[in-house]
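Here is what each chain is made of, one letter per residue.
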Amino acid sequence: MELDLAVDAAAERMEERLGLLKRTSEHKAWLQRTLFSASAETAANHLRRWMKATGMEVHYDALTNVYGLAQTSPDGPDAPRIHIGSHYDTVINAGAYDGTLGVLLGIAVVEVIREARLPLRHNLSALAFCDEEGVRFQTTFLGSAYLCGRFDQSWLDKPDEFGKTLGEWLVDRAESIDAVLQNEPYIRPSDCFLEAHIEQGPVLEAADKALGVFTEIAAQTRAEVEVIGRAGHAGTTPGSLRCDPLPVACRMVQAIDALCQSEEAVRATVGRLEVSPNASNVIPGKVRFTIDLRYPDAAGLRARRDRLQTELQRIADGSKVEYRYREAHWADDAILSPAITDALAEACECVQGEALRICSGAGHDSMMVARVCPTSMLAVRCREGLSHHPDEFVSEADCRLALKALVDAVIRLDRGA
Ligand SMILES: [Zn+2]
């Protein structure tokens, strides 16, 4: 089949699959597909079916990563692999394109290469990581870390919101913990990885361009904060005798926002705040909230985190509450491979005349994979820069352009390397 026709056919299938996966959710009213949920299992089954249909050798591992290897190289299954993919889990009340588009593009690239009968020196691999968002265990990159051989044993003790740990989940799923810990990494230093992902920001749209490339990914950290006071009767306890954690937590939230407003490159967010017992006539006994902090480089992030911690401690010290700060996640910034970035940029120039280079403020599996093999990312325009939102949208035309650019980049990388 001619290349353009193969791209058209694959883009059409991809649009249908996006629709189907959008409806594959734990909830009827919104999209939510978290690790180990029934909807994730259903999505994995769809992905396996589509990968199998292209003739790939398909794997579904202990952590529920789905990946397929297409033997396109004459040198057998161990030849260097070009991996293409992203994650198939979602946040709560998610959009249909975050992660999922990159996964489906990976499968579509394999379909195009196969249908157009393009000879390659590399094997092609389509990846669907099981958990990038970290909704269940408040951690990120579980899936990609596992495929990269970077799984951290301590993660087995991480509990979900019901207190069930990752280790317990695996045992319930009849997986061997020993086998999980001894897993041979599927992604190897001799491979390379291309991740296509929606931009999740407004830069491409403002520049009137469908595609761009990410040159680096910002460092990020997440923390969980507990402010503990003493619950009491709202009517009988005078201010002087209260130990109310909520006003203290509010001052902390304001300090976090002040940090965010203080410079353009820093991002500081309190996205979850729980007041307990959360009753209108009871002085709260405890407040818990999360902090999400990002900065382009790790050293800069560390400095800002330290400054913030000092400030929060100062606020706590000025009150009667008990205060706990726990860092739940840390990811260094990732510098993406210049060679892979250039191949993607040339592909963008080829399909849209110009390539925009941007720093990603959002975290991606590519941060993890970049530690193991040359990695870079194609950014795809999304309407109004909206993401982690049900109105997230990428036009059919932009999806098709992304597919075209990825196929082009794969051919360039295959010839160049
Ligand atoms: Zn994502």
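Everything numeric in this text was worked out from a predicted model, so none of it was measured. One numbering rule holds for all chains: residues counted from 1, following each sequence as written. Totals for whole chains, interfaces and linings use all residues, but because this is a predicted model, local features are given only for residues with pLDDT of at least 70 and pairs of side-chain atoms are given and counted only at 80 or more. By convention in this description, side-chain values take in all heavy atoms of the structure and omit both hydrogens and water.

This brings us to the overall build of the protein chain. A count of helical and extended segments in the protein chain gives 12 helices and 16 strands. C-alpha atoms of the protein chain, sized along the principal axes, occupy 80 × 50 × 40 Å. Only protein chains enter the accessibility calculation, which uses a 1.4 Å probe. A residue is then buried if its area is under 20% of the maximum for its type, exposed if over 50%, and partly exposed in between. Counting over 417 residues, the protein chain shows a buried share of 55%. Here, residues are in contact when the closest pair of their heavy atoms is within 4.5 Å. Long-range pairs, those at least 24 residues apart, make up 77% of the contacts in the protein chain between residues at least 6 apart in sequence. Carbon and sulfur atoms provide 49% of the accessible area of the protein chain, an area that totals close to 17600 Å². By the counting rule applied here, Lys and Arg register as positive and Asp and Glu as negative, while His and the ends of each chain are not counted. Working definition for charges: the position is that of NZ of Lys, CZ of Arg, CG of Asp or CD of Glu. Each charge class in the protein chain was averaged separately, 45 positive and 62 negative side chains, and the resulting centres sit 3 Å apart. For the purposes of this entry, the term helix denotes a DSSP run of H or I that reaches at least four residues, the term strand denotes a run of E that reaches at least two, and both are numbered from the N terminus. For the accessible areas, the method is Shrake-Rupley and the probe is 1.4 Å, while residue cover comes only from the protein chains on display.

Another point: the pattern of salt bridges. Salt bridge, as used here: a side-chain nitrogen of Lys or Arg that lies within 4 Å of a carboxyl oxygen of Asp or Glu. For the structure on display, the rule yields 27 salt bridges. Across the pair Asp 4 and Lys 404 runs a salt bridge whose closest N-O atoms are separated by 3.5 Å. Pair noted here: Asp 4 is in helix α1 (residues 3–22) and Lys 404 is in helix α12 (residues 396–416), with a separation of 400 residues, a long-range link. Residue Asp 4 is classed as partly exposed on the basis of its relative accessible area, which comes to 34%. Residue class for Lys 404 comes out partly exposed when judged on its relative accessible area of 29%. Linking Arg 13 and Glu 111 is a salt bridge whose minimum nitrogen-to-oxygen distance equals 3.2 Å. Taken together, the residues span a long stretch of sequence, with Arg 13 in helix α1 and Glu 111 in helix α3 (residues 100–115) at a distance of 98 residues.

On to the coordination of the zinc ion, then. With water excluded from the atoms, a metal site may look incomplete; its donors are any N, O or S atoms within 2.8 Å, or within 3.2 Å for Na, K and Ca. For the zinc ion, the full set of protein donor atoms is His 87 (NE2), Asp 98 (OD) and His 197 (NE2), at a range of 2.0 to 2.2 Å. Binding-site remark: the zinc ion is held by donors from one chain whose sequence spacing is H-x10-D-x98-H. On the criterion of sequence distance, the pair formed by His 87 in strand β3 (residues 81–87) and Asp 98 in the loop between β3 and α3 is long-range, its members being 11 residues apart. Pair check on accessibility: His 87 and Asp 98 agree, each one buried.

The next point concerns the packing of aromatic side chains. Stacked, tilted and edge-to-face are the three classes applied to pairs of Phe, Tyr and Trp rings, where Trp contributes its six-membered ring and a pair requires centres within 6.5 Å; stacked means planes under 30 degrees apart, edge-to-face means over 60, and tilted covers the rest. Summed over all chains, the structure comprises seven aromatic pairs. Both rings, one in Tyr 97 and one in Phe 393, keep their centres 6.2 Å apart while their planes meet at 80°; by these two values the pair is edge-to-face. With Tyr 97 in the loop between β3 and α3 and Phe 393 in the loop between β16 (375–380) and α12, this residue pair connects regions lying 296 residues apart in the sequence. Among the residues examined, Tyr 97 registers a relative accessible area of 8% and is labelled buried. Judged by its relative accessible area of 32%, Phe 393 is partly exposed.

Below, the discussion takes up the domain arrangement of the protein chain. Reported domain spans reflect what an automatic or database domain assignment gives. If you check the domain split of the protein chain, you get domain 1 (3–217 + 333–416) and domain 2 (219–331). The distance between the C-alpha centroids of domain 1 and domain 2 comes to 34 Å. Contacts between the two partners involve 11 residues from domain 1 and, on the opposite side, 12 residues from domain 2. With both sides pooled, the region where domain 1 packs onto domain 2 buries about 960 Å², and carbon together with sulfur makes up 40% of that total. What gets called buried area is simply the loss in accessible area from a 1.4 Å probe that two parts show on being joined, summed for both. The largest per-residue losses of area from domain 1 upon contact with domain 2 belong to Gln 138, Thr 140 and Asp 333, which jointly make up 50% of the total buried on that side. In this structure, the connection of domain 1 to domain 2 is made through zero salt bridges. Pairing of N or O atoms within 3.5 Å defines a polar contact, subject to two protein rules: one partner must be a possible hydrogen donor and the other a possible acceptor, and residues neighboring in sequence count only if both atoms are side-chain atoms. Put simply, domain 1 and domain 2 have two residue pairs in polar contact (both at pLDDT 80 or more) between them. Under the grouping applied here, Gly and all other residues not named as nonpolar or charged are polar, the nonpolar ones being Ala, Val, Leu, Ile, Met, Phe, Trp, Tyr, Cys and Pro and the charged ones Asp, Glu, Lys and Arg. Across the side of domain 1 that touches domain 2, the residue classes tally to four nonpolar, four polar and three charged.

In this section: the environment of Leu 356. Position of Leu 356 relative to the elements: it lies in strand β15 (residues 356–360). In contact with Leu 356, not counting residues within four places along its chain, are Val 203, Leu 204, Ala 207, Lys 209, Leu 211, Gly 212 and Val 213.

Right, let's talk about the packing of α3 against α12 for a bit. Note on method: axes are straight lines fitted to C-alpha atoms, helices fitted across the in-contact stretch only, with angles between N-to-C directions ranging 0 to 180 degrees. Close contact between α3 and α12 brings their axes to 9 Å; oriented N to C, the two are set at 55°. What the angle tells us is that α3 and α12 run oblique. Both α3 and α12 take part in a crossing whose hand is right-handed. Along the contact surface, α3 presents Leu 101, Leu 105, Ala 108, Val 109, Val 112 and Ile 113, while α12 presents Cys 399, Ala 402, Leu 403, Leu 406, Val 407 and Val 410. Should an angle fall under 35 degrees it is taken as roughly parallel, and over 145 as roughly antiparallel, whereas 65 to 115 is taken as roughly perpendicular and any remaining angle as oblique. By definition, turning the near helix anticlockwise from the far helix through less than a right angle yields a left-handed crossing, and turning it clockwise yields a right-handed one.

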